[in-house]
Amino acid sequence: QVQLVESGGGSVQAGGSLRLSCAASGYAYSRDCMGWFRQAPGKEREGVAALNTVGGSTTYADSVKGRFTISQNNAKNTLYLQMNSLKPEDTAIYYCAARGCSGGASPPLWSIFYNDWGQGTQVTVSS
């Protein structure tokens, strides 16, 4: 139904920045709730940031507030995660996810809420 492909990961020194992109195709235009999640080896997948394009509501994990920004391009086919002031604890595989939603409510950071997932992109932050 929907294909999501992440890119932009890599290795960066602590304090540096990266911008992740998630290219959406198929039925992606109707998936107006989208989010970024991350998972480190041996750890549970955790929500990082989510965007509801109906009203523009966003949700951020406490650990990334003030450092990360989620956004979408005007064509609504690419999701971004701008990551600044990166820390070693941000090291993980980052995934984008999507599902349909309605209204202007803040989107959740529950992984079970989302239907479609990309393959992930590795982010490594060194001290």
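Residues numbered from 1 in each chain as written. Predicted model: local features only at pLDDT ≥ 70, side-chain atom pairs only at ≥ 80, totals over all residues. Heavy atoms only, no water.

(A) Summary view of the sheet that holds strand 1 (residues 2-7). Pairing in this open sheet of 4 strands is antiparallel, and the strands run 1-3-8-7 from one edge to the other. Of all the strands in the sheet, the pair left with one neighbour each is strand 1 and strand 7 (68-72). Taking each pair of neighbouring strands and ignoring which way they run, the sheet shows an average axis angle of 15°. Where strand 1 meets strand 3 (residues 18-26), 6 bridges bridge the pair, whose relative direction is antiparallel. (Pairing = 2+ DSSP bridges. Helix = DSSP H or I, 4+ residues; strand = E, 2+ residues; numbered from the N terminus. Axes fitted to C-alpha atoms, helices over the stretch in contact; angles between N-to-C directions.)

(B) Representation of the pattern of salt bridges within the structure. Overall, the coordinates contain 4 salt bridges when judged by the stated rule. One salt bridge in this structure joins E46 and R38, with 2.7 Å as the shortest N-O distance. The exposure class of R38 is buried, given its relative accessible area of 7%. The salt bridge partner of K65 is D62, with a shortest N-O separation of 3.1 Å. Through salt bridges with shared partners, one network takes in R38, E46, R67 and D90. (Salt bridge = Lys/Arg side-chain N within 4 Å of Asp/Glu carboxyl O. Buried < 20%, exposed > 50% of the residue type's maximum accessible area, 1.4 Å probe, protein only.)

All quantities given are derived from atomic positions and should not be read as evidence of function.
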